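Close look at the chain arrangement
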Amino acid sequence: MQLTYSEKNGYKVVHFEGSLDTVTSPEVEKTINALIDADTVKFVFNFDKTRYMSSSGLRVLLATAKKLKGKGELKISNLNEMIEEVFDISGFNQILNVYKTEEEALA
Amino acid sequence: MNAMKRILVVDDEPLNINILVELLKDNYKMMAAKSGLQALKAARSANKPDLILLDIMMPEMDGYEVCRQLKADESTKDIPVIFVSAMSESLDETKGFDVGAIDYITKPISPKTLEARVHTHLALTQQTAALKEAHLLIQQQQQRMQNELNVARDIQLSMVPTVFPKDDAVDIYATLKPAREIGGDFYDAFMIDSESLCLCVGDVSGKGAPAALFMAMTKTLIKSYASSDFSTASILTRVNDELCEGNDENLFVTVFLAILNVHTGELRFTNAGHNYPYIIKDDKSLLTLKQKHGPIIAAMEGLVYKEDTMFLDKNDTLFLFTDGVTEAMNPEEEPYGDARLEHFLEVQDCKDVKVSVNALMQDIASYENSAHQTDDITVLSCFYSGQTVLATLSLSIEDQFENIRLLTDACDQFCEAHAISSAVNQKVNLVLDDLVNNIISYGYKDKNTAHTIDVVFKQMERELMIIIEDDAMPFNPFDREHEGVHLSLDEREIGGLGIHLVKKLMHTFQYQRKANKNIVVLTIQL
């Protein structure tokens, strides 16, 4: 899984390319935690280029949201239809801040 | 003859004691106490009195207090107490009855009255004790009968399968709801070989443990004969002879037995006194299988049963049931009936066997409303899709997390090669990731030994089937309900979601343990 970053409106925008699953999740979690430890606390996760996300991926999002609670922000954008369904089934669309597009997330 | 009853006389005046003892000593064993404390001691001794004549006015502890203490003590509360007193004011009588006395005698004592009262109360006490004992016996017997019914029900429910053969061409689901008093329904569904599916539904007459055991025997015999005999007529002919031997209880069974060739759709069947099954056609029209091939099983030795054969069309649903369905009563005692059942089958989408069977059970339950279910209700539905496998891919991986990628990559290629949509592809990837992750994370105790996980993809006309086999410790991933999808961020546990996703994303999911392997079969509609 390839992570690329950009800075917009004070948010760290992270693009995830590939699949967020058992194999990639541990590495992704480490990378995000390192960013948080280095005081980056406002994120937009853009999943435009993510093919699928298994529960390992959801776990990383939940852990990140819990870490940032009270000291930062996590916004989620650009879910494909399949990941949107997974968010719906798991109730994640109710506990995470989900936006249609990156622009809406940054607005 | 009963041993002589003991009577305890309590009075602080020896003269009064003597009078009573003289009057009664011919017929009873007499005991005496000169104070309340002595009386209590005597009442609690090994030779308890059967009745107490108690004076009221005594120094230290009066008769009321003695009586109150006797009644408060479990070991003495059943001894009848008759107060003997010179006082005859009604106020005192009330007080005496309040503390638990059974009667009152006033001085001067009339010998006849005394004898009569003593005799009456001893007899009453004895009868009460006998009644109590009888009541206890009845309770115990009821409990024993209930236990027997529970055992019978356990036998019955443990005998019928809850995991059904999963073949490309058929989908099966069945359920049995026992009545409070067991009626002895059963069903079975198993593959005889790679192409012959055996289905049966039966109803044993009678109730309780004998019916349950007879049902177990019938089902076992059918299964055992079916393994080597492909004629339903011949199977039931042999089962009938076998069951007739030693059928002292005169039980009998109605059976519908069918063998379906899942490749050709050929259906061979025998109806032995059972109610007529239905075939629900693709266009929702109903066909009733009215052929009869012989009477009930186990009634008469030497009968020869017949059989019929026909072909199921693709998308036919074979629907078997017992009369518990149509004879389910509402509170007005009107039966559910054939017409209502037929209407239900015409309206309901019966191709999804599990959903439709459960919907029917629900419909029957709401029809019965509060009425008591008097007979077992059994339903078995088999949807014959006649689907053929269009493409198959099998692969094996070792139990390393990074190998899951080999599975998802293979799935990608398979889907692309066979024009399976990307949505299906990604759902299957997610499911593979979660299920195989679970197997590798929790399935193996011997971390140093390599294990193989086998995965098969089968593309059929309308669905994609995924079969995952592993040799990990027995574990049914679908056993647990995931709770907490509606919890807030703070309340949510990290983890436990994967299986919930699998259940929601797949059309069907099944687990079975077979020959030291966990086998998970999933389907998703194309």
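Residues numbered from 1 in each chain as written. Chains lettered and ligands numbered in written order. Predicted model: local features only at pLDDT ≥ 70, side-chain atom pairs only at ≥ 80, totals over all residues. Heavy atoms only, no water.

1. Points about the overall build of chain A
What chain A contains, in helices and strands, is five helices and six strands. For 107 residues, the compact-globule estimate of 2.2 N^0.38 gives 13 Å, and chain A sits close to it at 12 Å. In terms of overall dimensions, chain A has a C-alpha envelope of 30 × 30 × 25 Å along the principal axes. Accessible surface, chain A as shown: approximately 4800 Å² in total, 44% of it carbon and sulfur. Taking the average location of the 13 positive side-chain charges in chain A and that of its 16 negative ones, the two points are 6 Å from each other. (Helix = DSSP H or I, 4+ residues; strand = E, 2+ residues; numbered from the N terminus. Rg over C-alpha atoms; globule rule 2.2 N^0.38 Å. Areas by Shrake-Rupley, 256 points an atom, 1.4 Å probe, with all protein chains shown as cover. Lys, Arg positive; Asp, Glu negative; His and termini not counted. Charge placed at Lys NZ, Arg CZ, Asp CG, Glu CD.)

2. Digging into the overall build of chain B
Secondary structure summary: chain B contains 13 helices and 20 strands in total. Taken along the three principal axes of its C-alpha coordinates, chain B extends 115 × 65 × 45 Å. The proportion of buried residues among the 526 residues of chain B is 49%. Put simply, 68% of the contacts in chain B that link residues at least 6 apart link residues at least 24 apart. Carbon and sulfur atoms make up 52% of the accessible area of chain B, which totals about 25400 Å². Between the mean site of the 48 positive side-chain charges and the mean site of the 80 negative ones, chain B shows a separation of 5 Å. (Buried < 20%, exposed > 50% of the residue type's maximum accessible area, 1.4 Å probe, protein only. Contact = heavy atoms within 4.5 Å.)

3. Describing the interface of chain A and chain B
Taken together, the 26 residues of chain A in the interface contact 31 residues of chain B. Together chain A and chain B conceal approximately 2400 Å² of surface at their shared face, both sides included; 61% is due to carbon and sulfur atoms. When the shortest N-O distance is used, the salt bridge between D412(B) and R51(A) registers 2.9 Å. On the surface where chain A and chain B come into contact, there are nine residue pairs in polar contact (both at pLDDT 80 or more). (Buried area = accessible area lost by both parts, 1.4 Å probe. Salt bridge = Lys/Arg side-chain N within 4 Å of Asp/Glu carboxyl O. Polar contact = N/O pair within 3.5 Å; in protein donor to acceptor, adjacent residues only side chain to side chain.)

4. Here we look at the pattern of salt bridges
Oppositely charged side chains are able to pair whenever their charged atoms sit close together. Going through the model one piece at a time under the given rule, you end up with 24 salt bridges over all chains. One connected set of salt bridges, linked through shared partners, spans D11(B), D55(B) and K107(B).

5. Some remarks on the environment of T449(B)
Take T449(B): it is sitting in the loop between α12 (422–442) and β17 (452–460). Separated by 202 residues in sequence, T449(B) and N247(B) have C-alpha atoms that sit 55 Å apart.

6. Regarding the side chain of N425(B)
Relative to the assigned elements, N425(B) resides in helix α12. Side-chain polar atoms of N425(B) contact the side chain of D412(B), separated by 3.3 Å.

7. Points about the sheet that holds strand β1 (residues 6–10) of chain B
Residue and element names in this part refer to chain B. Read from one edge of the open sheet, five strands run β2-β1-β3-β4-β5, paired in parallel fashion. In this open sheet, the two strands that pair with only one neighbour each are β2 (29–33) and β5 (103–106). In this sheet, neighbouring strand axes are inclined to one another by 20° on average, regardless of whether the strands run parallel or antiparallel. Sheet topology places strand β3 (residues 51–55) next to strand β4 (residues 81–85); four bridges connect them, and they run parallel. Paired with L53 across the strands is I82, a residue of β4. Seen against the sheet, helix α1 (residues 14–24) touches β1, β2 and β3 and runs at an angle of roughly 170° to β2. On top of the sheet, helix α3 (residues 63–72) reaches β3, β4 and β5; it is set at about 180° to β4, its chief contact. (Pairing = 2+ DSSP bridges. Axes fitted to C-alpha atoms, helices over the stretch in contact; angles between N-to-C directions.)

8. Things to note about the packing of aromatic side chains
In total, this model carries 16 aromatic pairs over all chains according to the counting rule given. Look at F16(A) and F47(A): their rings are 4.7 Å apart centre to centre, the planes differ by 25°, and that puts the pair in the stacked class. Here the residue F16(A) occupies a position in strand β2 (residues 11–20), and F47(A) occupies one in the loop between β3 (42–46) and β4 (50–53), the gap between them amounting to 31 residues. For F47(A), a relative accessible area of 0% corresponds to the buried category. Taken together, a centroid distance of 5.9 Å and an interplanar angle of 5° make the contact between Y278(B) and F321(B) stacked. (Phe/Tyr/Trp six-rings, centres within 6.5 Å; stacked < 30°, edge-to-face > 60°.)

9. Looking at helix α5 (residues 111–159) of chain B
Under the 1.5 Å per step criterion, the end-to-end length of α5(B) is 72 Å for 49 residues, consistent within 8% with the ideal 72 Å. Every buried residue of α5(B) is listed here: L114(B), V118(B), H121(B), L122(B), L149(B), A152(B) and Q156(B). (Expected span 1.5 Å × (residues − 1).)

10. Observations concerning the domain arrangement of chain B
Residue and element names in this part refer to chain B. When the domains of chain B are assigned, the result is domain 1 (6–130), domain 2 (160–384) and domain 3 (389–525). Distance from the C-alpha centre of domain 2 to the C-alpha centre of domain 3: 33 Å. Each side of the interface is counted separately: domain 2 has nine residues, and domain 3 has 13 residues. Where domain 2 abuts domain 3, roughly 840 Å² becomes buried across the two surfaces, and 46% of that area is made up of carbon and sulfur atoms. For the domain 2 face of the interface with domain 3, the top three residues by lost area are V163, K166 and D168, together amounting to 64%. Note that K314 is salt-bridged to E461, the shortest N-O span being 3.8 Å. The tally of links between domain 2 and domain 3 comes to zero residue pairs in polar contact (both at pLDDT 80 or more). When its residues are assigned to classes, the side of domain 2 that touches domain 3 shows three nonpolar, one polar and five charged. (Domains from an automatic or database assignment. Nonpolar A, V, L, I, M, F, W, Y, C, P; charged D, E, K, R; others polar.)

11. Some remarks on the packing of helix α3 (residues 81–90) of chain A against α12(B)
One way to put it is that α3(A) packs onto α12(B) with a least axis distance of 9 Å and a crossing angle of 50°. In this view, α3(A) runs oblique relative to α12(B), as classed from their interaxial angle. Between α3(A) and α12(B) the crossing geometry is right-handed. Taken together, the residues of α12(B) that come into contact with α3(A) (itself represented by M82(A), E85(A) and V86(A)) are A423(B), Q426(B), K427(B) and L430(B). The class makeup of the residues in the contact of α3(A) with α12(B) is four nonpolar, one polar and two charged. (Parallel < 35°, antiparallel > 145°, perpendicular 65-115°, else oblique. Left-handed = near helix turned anticlockwise from the far one by under 90°.)

12. Structural notes on the side chain of N437(B)
Among the structural elements, N437(B) can be located in helix α12. A polar contact of 2.8 Å, which involves the side chain of N437(B), links it to the side chain of T22(A). Those residues in contact with N437(B) that sit more than four places away from it in its chain are T22(A), S56(A), F401(B), I404(B) and L432(B).

13. What about α1(B)?
Residues and elements named next belong to chain B. Taken as a whole, α1 has its buried residues at I17, L20, V21 and L24. The buried residues of α1 occupy an angular sector of 100° when the element is viewed end-on, so they sit on one face. Residues of α1 that are buried make contact with β1, β2, β3 and α5. (Arc of directions from axis to C-beta.)

14. With respect to the sheet that holds strand β14 (residues 316–321) of chain B
Where strands meet in a sheet, backbone hydrogen bonds hold them as pairs that are either parallel or antiparallel. All names here are of chain B. Spatial ordering of the open sheet is given by β6-β15-β14-β11-β12, a layout of five strands whose pairing is antiparallel. Of all strands in the sheet, those with a lone pairing partner are β6 (170–177) and β12 (286–288), marking the two edges. In this sheet, neighbouring strand axes are inclined to one another by 15° on average, regardless of whether the strands run parallel or antiparallel. With three bridges connecting them, strand β11 (residues 278–280) and β12 associate as antiparallel partners. Residue I279 lies in a different strand from β12, and its bridge partner there is L287.

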